[in-house]
Amino acid sequence: MQTKSVYIAGSTGSIGTQALSVCKKHGIRVVGLSCGKNFRLLAEQAKLFGVKKVHIGDAGAVDNLKKLLPDCEVLTGEDALAEQIYHSEADTLLDAIVGSAGLKPAVSGIRSGKKLALANKETIVCAGQLIMDLAEEHGVTVFPVDSEHSAIFQCLLGNNDREVKRILLTASGGPFFGRESLDGIRAEDALKHPNWDMGQKITIDSATLMNKGLEVIEAYHLFGHKPIKVLVHRESIIHSMVEYVDNAIMAQLGTPDMTIPIQLSLTYPNRMESDAGEVDFVKLGTLSFFEPDVEKFRCLQLAFDALKTGGTMPCVLNGANEIAVDAFLHGKIGFTDIPKLIEQTMNAHNVILDYTLDDVFSQDIWAKEYARNLLSAWEQNK
Ligand code: NAD
Ligand code: MG
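Residues numbered from 1 in each chain as written. Chains lettered and ligands numbered in written order. Predicted model: local features only at pLDDT ≥ 70, side-chain atom pairs only at ≥ 80, totals over all residues. Heavy atoms only, no water.

Novice: Mind showing me how you'd approach the coordination of the magnesium ion (ligand 2) here?
Specialist: Around the magnesium ion (ligand 2), the donor atoms from the protein are Asp146 (OD), Glu148 (OE) and Glu215 (OE), and they sit 2.1 to 2.2 Å away. One chain supplies every donor for the magnesium ion (ligand 2), spaced along it as D-x1-E-x66-E. With Asp146 in the loop between strand 7 (142-144) and helix 7 (147-156) and Glu215 in helix 10 (residues 210-222), this pair connects stretches of sequence that are 69 residues apart. The same class applies to Asp146 and to Glu215, which are both buried. (Donors = N, O, S within 2.8 Å, 3.2 Å for Na, K, Ca; no water. Helix = DSSP H or I, 4+ residues; strand = E, 2+ residues; numbered from the N terminus. Buried < 20%, exposed > 50% of the residue type's maximum accessible area, 1.4 Å probe, protein only.)

Here is the structure:
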């Protein structure tokens, strides 16, 4: 179903702002917006799109936002965001919040029967099958915005799902691919991604390869538990592939520009003109492929381990990763400490295999608290 009206959660971020450009280009009505802290940009966006319902995570910014938007419903608080989404007249929720904070909004969108255009991969990582089951129960489509998953979705079209042999999930390899040692890497080095311009958290995740790990878990649940192989592809032109039982492979290609998957998540089953550039194959010359180094990039291996363990383990992996990335960005730990913090948190977790949404919410809190305590202990032992 093509989106006519949308609520964009996380509208001030990298995905959110690009989504608004798509809405402007194609006349998609924007009826709700939310962000974490950036009240000035949120107010600007609301005015530009004539939005009457907004939400801000930072309670301290509510009064400022109300002054800028006197004719709007301005809310704060986690439950209020879920409520605003639930009652919004939008036919689609685009969840572009970063981190597990995107989970409750996604659940609320599904419960209210809105199509879910999902950029927030942490939702699927944390709650996996529960989200897919909830969507099915409410007759809701979960449409991936992540470029790899959008690619896989497109590679599956017109084929028999039962004839899929495996998914080939491509990875750029990040800024430190092929580097001898990962010691001494600073946040400013890790924030330079070779191909994509994204929010800070996902840029660090791309440098550690945790992003690919999260995407493996995401693909596993979105596409019915198929075998997945990660393939480093430096140019980020092939966005992923599906191999069938006859060894034929379908691939989706394009320039590394999120406009394409964001737009498709809103316009599908239709394709429309986009502002993304064309691929110039002659200029590209070659496309290269490599095995990922899971020993050096431990985070990818930890994600495979969490998926294998199942239950609440992927949620714990994700929660500990959020704390580790934040600590790294603030110069509190080194780059190679990120997988250590995650692994120690995972080792301490009593996994719940037959889990509920409430377990996911509580184990997300547990993992973050445990990782924070570990950080304090490391600090004291320095
Ligand atoms: P970003 O940091 O640029 O933007 C995040 C948005 O979420 C902002 O609007 C921010 O205000 C809001 N936010 C942050 N914390 C919040 C909280 N606690 N409560 C409510 N709102 C909060 O991030 P991004 O790069 O746009 O990524 C968003 C999501 O999309 C992530 O899950 C990421 O993994 C996924 N994704 C991003 C890209 C990309 O190119 N940026 C590609 C694929 C997937
Ligand atoms: Mg991706």
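Having seen the structure, we can now continue with the description.
Novice: Help me out: how do you make sense of the packing of helix 10 against helix 13 (residues 298-309) in this one?
Specialist: Helix-helix packing: each pair is described by the crossing angle between the helix axes and the interaxial distance. Relative to each other, helix 10 and helix 13 sit at 25°, their axes nearing to 7 Å. It follows from the interaxial angle that helix 10 and helix 13 lie roughly parallel. The way helix 10 lies across helix 13 gives a crossing that is right-handed. On helix 13, the residues touching Met210, Lys212, Gly213, Leu214, Val216, Ile217, Tyr220 and His221 of helix 10 are Cys299, Leu300, Ala303, Phe304 and Leu307. (Axes fitted to C-alpha atoms, helices over the stretch in contact; angles between N-to-C directions. Parallel < 35°, antiparallel > 145°, perpendicular 65-115°, else oblique. Left-handed = near helix turned anticlockwise from the far one by under 90°. Contact = heavy atoms within 4.5 Å.)

Novice: Sorry if this is basic, but what is going on with the site of ligand 1 here?
Specialist: Near ligand 1 you find 21 residues, and of these Thr12, Ser14, Gly36, Glu122 and Gly199 are the closest. Backbone polar atom of Gly36 to an oxygen atom of ligand 1: 2.7 Å apart, as the coordinates give it. In this structure, an oxygen atom belonging to ligand 1 sits 3.4 Å away from a main-chain N or O atom of Ala119. The protein chains hide 82% of the 820 Å² of surface that ligand 1 would expose on its own. Per-class residue counts for the shell around ligand 1 are 10 nonpolar, 8 polar and 3 charged. Counting residues domain by domain, the shell around ligand 1 receives three or more from each of domain 1 (5-145) and domain 2 (146-309). (Near = heavy atom within 4 Å. Polar contact = N/O pair within 3.5 Å; in protein donor to acceptor, adjacent residues only side chain to side chain. Areas by Shrake-Rupley, 256 points an atom, 1.4 Å probe, with all protein chains shown as cover. Nonpolar A, V, L, I, M, F, W, Y, C, P; charged D, E, K, R; others polar. Domains from an automatic or database assignment.)

Novice: Could you clarify how one ought to interpret the domain arrangement of the protein in this entry?
Specialist: Interfaces are often described in size by the accessible area the parts lose on coming together. Domain assignment breaks the protein into domain 1 (5-145), domain 2 (146-309) and domain 3 (312-382). Its C-alpha centre places domain 1 at a distance of 26 Å from the equivalent point of domain 3. Each partner contributes residues to the interface: domain 1 has 13 residues there, and domain 3 has 11 residues. In this assembly, domain 1 packs against domain 3 so that about 930 Å² is buried in total across both faces, 70% of it on carbon and sulfur atoms. Of all residues in domain 1, Ser100, Cys126 and Leu130 bury the most surface against domain 3, accounting for 46% of the area lost on that side. Taken together, the links from domain 1 to domain 3 amount to 0 salt bridges. Elements supplying a minimum of two residues to the side of domain 1 that touches domain 3: helix 5 (103-111) and helix 6 (121-137). When residues in the side of domain 1 that touches domain 3 are grouped by element, the largest group, 7 residues, is from helix 6. (Buried area = accessible area lost by both parts, 1.4 Å probe. Salt bridge = Lys/Arg side-chain N within 4 Å of Asp/Glu carboxyl O.)

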